[in-house]
Amino acid sequence: MKVLQANGLSFGYLEWGRQEDPLLLMVHGFPDTPHTWDVAGPRLAALGHRVVAPFLRGYAPSSIPARDTTTKDLGEDVLGWIRALGGAKAVLVGHDWGAEAVTAAVGLEPAMVEKLVVVAIPHRTQLPRRPSVGWAARHIVTLRLPGALERLKADDFAMVDALCRRWSPTWQLTAEDTREVKRAFGVEGSANAALGYYRAVSVLTPPFMKAKVAVPTLAVAGLHDPAVTVADFERARRHFTGRYEVAAISGGHFCHRESPDAFVEAVTKFLAA
């Protein structure tokens, strides 16, 4: 475990590869940690990247922020990590809230992003509005309600397992798969900070994310995702003026963990082009 300083906070991070290689940041989502990249990170590092996977703000051992986390906070954190790690720009890979973070970073400072990979979540401006998506994403409401923290903590964070199974119904989930996030949330303040992302989220797109994206982008979609379809990612193409590719792989919302070989292959091919 290493630590960097950015935007007035300390961030723990995992790292693979050589420091002299080009920087590739991998950003996790909820409920997860940088260990979500334990398979993909070393493999991408072996291809000649310095792979860094930080713990998002509020996720222990990173600092607990003084207020709830906004999308702009996430984007500024990504840019702060690049600067703290000595880079002028980086390849960004993000899943779930991590996808929101890396697309926010592109909206704020596109010149600092070499290439972009988003997993399971289309660009904020292109999120589908179907009733089925609203039902699948009902946690966005329930995690904001009074008592959400107590419900999340109940029965050794049983909700974490329930959400993973709901979002990735084909994943043969084990206790080992959620061990690290439960460990992080067990640190005082961490689980509440993670819920703060949902308390602060708005249905309105931040102004800095409305401009179309010229950065080369790969969207990775899970073929068995119960909420977001491959077609949704294809329709999102209209928000991108640069190269935009969609890779569909087996799995649900956590397709990068369910099908790590296919995920690494798709990202490797995209980065090499």
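Coordinates for the structure precede this section.
How each quantity is defined
- Residues numbered from 1 in each chain as written.
- Predicted model: local features only at pLDDT ≥ 70, side-chain atom pairs only at ≥ 80, totals over all residues.
- Heavy atoms only, no water.
- Helix = DSSP H or I, 4+ residues; strand = E, 2+ residues; numbered from the N terminus.
- Buried < 20%, exposed > 50% of the residue type's maximum accessible area, 1.4 Å probe, protein only.
- Contact = heavy atoms within 4.5 Å.
- 1 Å grid on protein atoms, 1.4 Å probe; cavity = no way out; pocket = protein on both sides within 12 Å on 5 of 7 lines; lining within 4 Å.
- Points joined across faces, edges and corners; volume = space filled by probe spheres on them.
- Nonpolar A, V, L, I, M, F, W, Y, C, P; charged D, E, K, R; others polar.
- Salt bridge = Lys/Arg side-chain N within 4 Å of Asp/Glu carboxyl O.

Asks: What should I look at first to understand the environment of H139 in this one?
Replies: Looking at where H139 falls in the secondary structure, it is placed in helix 5 (residues 139-142). When its relative accessible area of 10% is taken as the criterion, H139 is described as buried. Separated by 38 residues in the primary sequence, H139 and A101 place their C-alpha atoms 19 Å from one another. In contact with H139, not counting residues within four places along its chain, are L163, R166, W167 and Y198.

Asks: Sorry if this is basic, but what is going on with the layout of surface pockets here?
Replies: The probe, sized like a water molecule, is rolled over the atoms to show the empty space still left. Approximately 890 Å³ is the volume found for the largest pocket. Residue lining of the largest pocket: 31 residues in total, with I121, L127, A137, H139 and I140 positioned closest to the centre. Elements represented by at least two residues in the lining of the largest pocket include exactly helix 3 (97-108), helix 4 (131-136) and helix 5. Residues of the lining of the largest pocket, tallied by class, amount to 18 nonpolar, five polar and eight charged.

Asks: In this structure, what is going on with empty space enclosed by the protein? I would like to understand it.
Replies: Using the criterion set out here, one finds one cavity of 30 Å³ or more in the structure. Taken as a whole, the largest cavity encloses approximately 40 Å³ of empty space. Here the lining of the largest cavity takes three residues from helix 3, the largest share from any one element.

Asks: Can you walk me through the side chain of Q126 in this structure?
Replies: By the element assignment, Q126 lies in the loop between strand 6 (113-119) and helix 4. The residues touching Q126, leaving out its near neighbours within four places in the chain, are R235, A236, R238 and H239.

Asks: Help me understand the environment of G87 in this model?
Replies: Among the structural elements, G87 can be located in the loop between helix 2 (71-84) and strand 5 (90-95). For the pair G87 and S132, spaced 45 residues apart in sequence, the C-alpha to C-alpha distance is 41 Å.

Asks: Before we go on, may I ask you to explain helix 8 (residues 190-200) in this structure?
Replies: In an α-helix, one turn spans 3.6 residues; hence positions three or four apart end up facing the same way. Along helix 8, eight of the eleven residues are buried, which leaves the element largely enclosed by surrounding structure. Within helix 8, the full set of buried residues consists of S190, A191, A193, A194, L195, G196, Y197 and Y198. Check the buried side of helix 8 and you find it contacts helix 2, helix 3, helix 5, helix 6 (148-167) and helix 7 (175-185).

Asks: Help me out: how do you make sense of the pattern of salt bridges in this one?
Replies: Side-chain pairs of opposite charge can arise where the charged atoms are in close proximity. By the definition in use, this model includes 17 salt bridges. In this structure, the salt-bridge partner of R199 is D68, at a minimum N-O distance of 3.0 Å. A residue pair is termed long-range when its members are at least 10 positions apart, and R199 in helix 8 and D68 in the loop between strand 4 (50-54) and helix 2 qualify at 131 residues. You can call R199 partly exposed: its relative accessible area is 31%. D68 gets classed as partly exposed once you look at its relative accessible area, which sits at 29%. Residue E180 is joined to R183 by a salt bridge in which the shortest nitrogen-to-oxygen separation is 3.6 Å. Of the two residues, E180 and R183 both sit in helix 7, three residues apart, roughly one turn of that helix.

That is the geometry; function is a separate question.
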